[in-house]
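For reference, the chains in residue letters:
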Amino acid sequence: MPESTTQVVVIGAGPGGYAAAFYAADRGMQVALVDPEPNPGGVCLYRGCIPSKALLHVAEVLGEARHAEAWGISFGEPQIDLDKVRAFKDKVVAQLTGGVGQVGRMRKITYIQGRAEFRDARSVQIGHEGKEAVTLAFEHAILATGSRPATVPGLSIESPRVMDSTAALDLPDVPRSLLVVGGGYIGLELGTVYAALGSKVTVVEMTDGLLPGADRDLVNVLARRIETIAEAVLLNTKVVGMKEAGSGIAVTFEGALPEGMPKERTFDRVLVAVGRRPNSAVPGLERTSVRVDRRGFIEVDAARRTAEANIYAIGDVVGEPMLAHKASHEARVAVDAILGERVAFEPLAIPAVVFTDPELAWCGLTETDAARQKREVAVTRFPWGASGRAITLDRTDGMTKLVLDPQSERVLGVGIVGLGAGELISEGVLAVEMGANASDVKLSIHPHPTLSETLMEAAEMFFGQATHVYKPKRK
Ligand code: FAD
Ligand code: NAD
C-alpha cells in the first residue's frame, strides 16, 4: 500500500475542513485534505447552504414578481422550467466547488479524494472506490467530518417520495402537495422554495412555535408571512405514521390539529427536516483516545483539541450551532493551536440567519436567553413600519431589536427580522464583539434611506429619541 507523510491531515473538506487546510497552508504547514467529493465543499457547498440559497433566490424573484402586481406591474403567471432551475443551482455548486478546489491547489495542498479511516493516532488509511487505498502518516489531524440529516425514529420508510434536504435540493418535481416535517431552518427555507414554485405546503412542528431556538417576537413576524404562503402550519403536532399510498404518502398526525382536519392525509411528497446528527463515527476512531459525548459530538477543549493531544476537531461534529461560519472560525483556532499559540474559541456572537422571506437573523444574547439566565436587560424594538427604506420597498414586515445592558448600555445582542436581515446582522456582530454601547450605534452615521438605519434608530429608542418613532423614555 503506498505510504506518505504530512504535517497536518484534515479529514472532511466542508467549510470547517477546507478553511483549516487553507489556513494551515498559509501558515507554512504541509497539508493533506481528505474528502469523498472531487472538490472541497462538504455539505455546505454541495448540498446545504449554497444550493439552498440559489433556489431561495429563485423563490425571491418569483415572490417579488407576484408582489409587483400591487404596484401596477404584472408579468402574468410564471412559466417554470424546472430543468433550467436545477441546472442553475448545479452550475452555482460546480462554480464554487471548482473555484475552492483551484485555490486549494494554488496553496499546494494535497487533496485526496476518499474516506479516511484511523489506523492509530498517527496514521490514516484512505480508500476510494476503484482505487488502491493509501496510507498517510501525520503529525496532527483535524477532524471536520460534519453532520447528516436526523431521521424520525420508527418513521423511516424507503420511498423516493419521502425526502431529506439532499433529495429535496435535487428538485425531482414540483409536488402538488408537500408536507414539511420540522419547522426549523431547513423546513422553512426549503418549504419557502417549494411554495414559491407552486406546491401547497403544510408544515408540521412538534413544539408550540416555528424555529424554537429564536426570539418569539421576531419569529411572530415571519410566522405571519409563512401562514400566507403555506397551506397550513400545524404546531404542537407530530407525525406518528407514514406509508406509501398510491402515488403519495399517507401521513398520520397526532396533536393539536385544527378543527375538522382529519388525522390522516395523503401528500404527494414529504420533506423530513428534524435536525442533524454529527458524523462522529469516523472509522477507526476507537484506535485513538478521542472521546465522543452522549449526544454524539466529539469532545474538544477551548482550542478544539480532542482527548488525543495531536488530534483536533471542528465544525458540526463538535457541537451546535451547526453553522458553516462557526466551523470556519473554529478551523483557524485549531490551526493556531497546532502552531503552539495560546488560543480559545470564545466568540461573543455567532450570527444565525434563516434565509426565509422575510429573513430572520440574530447574534449574541437573545431576550429568551436573558430571561433563562435571569439576567436584567433593556430591550428596544424598532418597527420597520417607521423605516423610510422599508416603506419604499413595500416591505414593512420587519423589526430590529437590541438587547442591552441597562447599566453600561453595552450591546449584548441584536435580532432582526425583515428583508435582508442576513446582511444587516453583521453590524450587530461587530457591535457585540467590540463592546459597542447604545451611544456608539446611535452616533454612527448610517446612510439614508437604508434598512441599516433601523439599527441606529433602535439604539436611539433606548434614549427615547428615535427620530421616526415617538416613544419617550420612561422616567
Ligand atoms: P460538512 O460541511 O458537513 O463537511 C464534512 C465533510 O466531511 C463532508 O464532505 C463529508 O463527506 C466528509 N467526511 C465525513 N466523514 C469522512 C471521512 N471518514 N473521511 C473523509 N471525509 C469525510 N449553514 C450556514 O451557516 N448557512 C446556511 O445557509 C446553511 N444552510 C444549510 C442548508 C442545508 C439544506 C443544510 C443541510 C445545511 C445548511 N447549513 C447552513 C449548515 C452547514 O451546511 C453546516 O453547518 C456546515 O456544512 C458544517 O461544516 P463542516 O465543515 O463541519 O462539515
Ligand atoms: P432544526 O433544528 O433547525 O429544526 C428541526 C425542527 O424539527 C425543530 O423545530 C424541531 O422541534 C422539529 N422536530 C423535531 N422532531 C420532530 C417531529 N418528530 N415532528 C415534527 N417536528 C419535529 O433542524 P433542520 O431544519 O433540520 O436544520 C439542521 C441544522 O442545519 C440547523 O439547526 C442549522 O444548524 C443548520 N442549517 C442552517 C441554515 C442556515 O444557517 N440558514 C439552513 C439550514 C440548516
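Scoring rules and cut-offs
- Residues numbered from 1 in each chain as written.
- Chains lettered and ligands numbered in written order.
- Predicted model: local features only at pLDDT ≥ 70, side-chain atom pairs only at ≥ 80, totals over all residues.
- Heavy atoms only, no water.
- Helix = DSSP H or I, 4+ residues; strand = E, 2+ residues; numbered from the N terminus.
- Rg over C-alpha atoms; globule rule 2.2 N^0.38 Å.
- Buried < 20%, exposed > 50% of the residue type's maximum accessible area, 1.4 Å probe, protein only.
- Areas by Shrake-Rupley, 256 points an atom, 1.4 Å probe, with all protein chains shown as cover.
- Near = heavy atom within 4 Å.
- Polar contact = N/O pair within 3.5 Å; in protein donor to acceptor, adjacent residues only side chain to side chain.
- pLDDT = per-residue confidence, 0-100.
- Nonpolar A, V, L, I, M, F, W, Y, C, P; charged D, E, K, R; others polar.
- Pairing = 2+ DSSP bridges.
- Axes fitted to C-alpha atoms, helices over the stretch in contact; angles between N-to-C directions.
- Contact = heavy atoms within 4.5 Å.
- Phe/Tyr/Trp six-rings, centres within 6.5 Å; stacked < 30°, edge-to-face > 60°.
- Expected span 1.5 Å × (residues − 1).
- Disulfide = S-S within 2.5 Å.

1. A word on the overall build of the chain
- Within the chain, the regular secondary structure consists of 13 helices and 22 strands.
- Here the C-alpha radius of gyration of the chain, 24 Å, is about what a compact globule of 475 residues would show, namely 23 Å.
- For the chain, with 475 residues in total, the buried portion stands at 51%.
- Summing over all exposed atoms, the chain offers an accessible surface of approximately 22,500 Å²; the carbon and sulfur share of this is 52%.

2. Some details on the site of ligand 1
- Every one of the 36 residues lining ligand 1 counts as a neighbour, but Gly16, Asp35, Lys53, Asp316 and Ala324 are closest to it.
- Ala116 is positioned such that a nitrogen or oxygen atom in its backbone is 2.9 Å from a nitrogen atom of ligand 1.
- Interatomic distance of 3.4 Å between a side-chain N/O atom of His325 and an oxygen atom of ligand 1.
- In the complex, the protein chains occlude 93% of the 1,000 Å² of accessible area that ligand 1 would expose alone.
- Of all the secondary structure elements, the ones that give two or more residues to the shell around ligand 1 are β2 (31-35), α2 (42-47), α3 (49-67), β4 (115-120) and α8 (324-338).
- In terms of residue count, α2 provides more of the shell around ligand 1 than any other element does, 4 residues in total.

3. As for the confidence of the model for the chain
- Model confidence for the chain is summarised by a mean pLDDT of 97, while 100% of its residues fall at 70 or above.
- Taking the mean pLDDT of every element in the chain, the minimum, 94, falls on helix α9 (residues 367-372) and the maximum, 99, on strand β17 (residues 311-313).

4. Observations concerning the site of ligand 2
- Taken together, 23 residues sit near ligand 2, with Ile186, Glu189, Glu205, Met322 and Val353 positioned nearest.
- Taking Tyr185, its main chain carries an N or O atom lying 3.1 Å from an oxygen atom of ligand 2.
- Within the side chain of Glu189, an N or O atom sits 2.8 Å from a nitrogen atom of ligand 2.
- Contact with the protein chains removes 81% of the 840 Å² of surface that ligand 2 exposes when unbound.
- The element that contributes the greatest number of residues to the shell around ligand 2 is helix α6 (residues 185-197), accounting for 4 residues.
- Residues that form the shell around ligand 2 fall into these classes: 13 nonpolar, 6 polar and 4 charged.

5. A look at the sheet that holds strand β18 (residues 352-354)
- Pairing in this open sheet of 5 strands is antiparallel, and the strands run β18-β19-β22-β21-β20 from one edge to the other. Single-partner strands in this sheet number two, and they are β18 and β20 (378-383). Going from strand to strand, the sheet's axes swing by 10° on average, the running direction of each strand aside.
- The sheet contacts of helix α7 (residues 216-229) involve β19 (359-364), β20, β21 (399-404) and β22 (411-418), and relative to β22 the element is tilted by about 10°.
- In this fold helix α13 (residues 453-462) packs onto β20, β21 and β22, with an angle of close to 135° to the strand it touches most, β20.

6. What to know about the sheet that holds strand β9 (residues 177-181)
- Within the open sheet, the 5 strands sit side by side as β8-β15-β9-β10-β11. Their pairing is parallel. Bordering the open sheet on either side are β8 (162-163) and β11 (232-234), each of which pairs with just one other strand.
- Pairing analysis gives 5 bridges linking β9 to strand β10 (residues 200-204), with the strands arranged parallel. Within β10, the residue paired with Leu179 across the bridge is Thr202.
- Where α6 meets the sheet, it contacts β8, β9, β10 and β15 (269-272), and its direction lies at approximately 165° from that of β10.

7. Looking at the packing of aromatic side chains
- For the structure shown, the criterion picks out 4 aromatic pairs.
- With 6.2 Å between their ring centres and 85° between their planes, Phe118 and Phe138 make a pair best called edge-to-face. Of this pair, Phe118 sits in strand β4 while Phe138 sits in strand β6 (residues 134-143), and the two are 20 residues apart along the sequence.
- Summarising the aromatic geometry, the rings of Phe253 and Phe267 are spaced 6.3 Å apart at their centres and angled 90° between planes, so their arrangement reads as edge-to-face. Separated by 14 residues along the polypeptide, Phe253 in strand β13 (residues 248-255) and Phe267 in strand β14 (residues 264-267) bring together distant segments of the chain.

8. Notes on helix α4 (residues 82-106)
- Compared with the 36 Å implied by 1.5 Å per residue over 25 residues, the 36 Å span of α4 between its first and last C-alpha is a close match.
- If you check which residues of α4 are buried, you get Leu82, Val85, Lys89, Val93, Thr97, Val100, Gly101 and Gly104.
- Looking at the buried positions of α4, the neighbouring elements they touch are α1 (17-26), α2, α3, α5 (165-169) and α6.
- Capping the start of α4 is the job of one residue whose side-chain oxygen sits 3.2 Å from the backbone nitrogen of Asp83: Asp81.
- Once α4 finishes, Lys108 follows within two positions and takes phi at roughly 65°, a positive value.

9. Topic: the state of the cysteines
- All chains considered together, the criterion is met by 1 disulfide.
- Covalent S-S linkage joins Cys44 and Cys49, the inter-sulfur distance amounting to 2.2 Å. The sign of the -130° torsion about the S-S bond sets the Cys44-Cys49 disulfide as left-handed.
- The class of Cys49 is partly exposed, set by a relative accessible area of 28%.
- Free of any disulfide, Cys363 has its nearest cysteine sulfur in Cys49, 18 Å distant.

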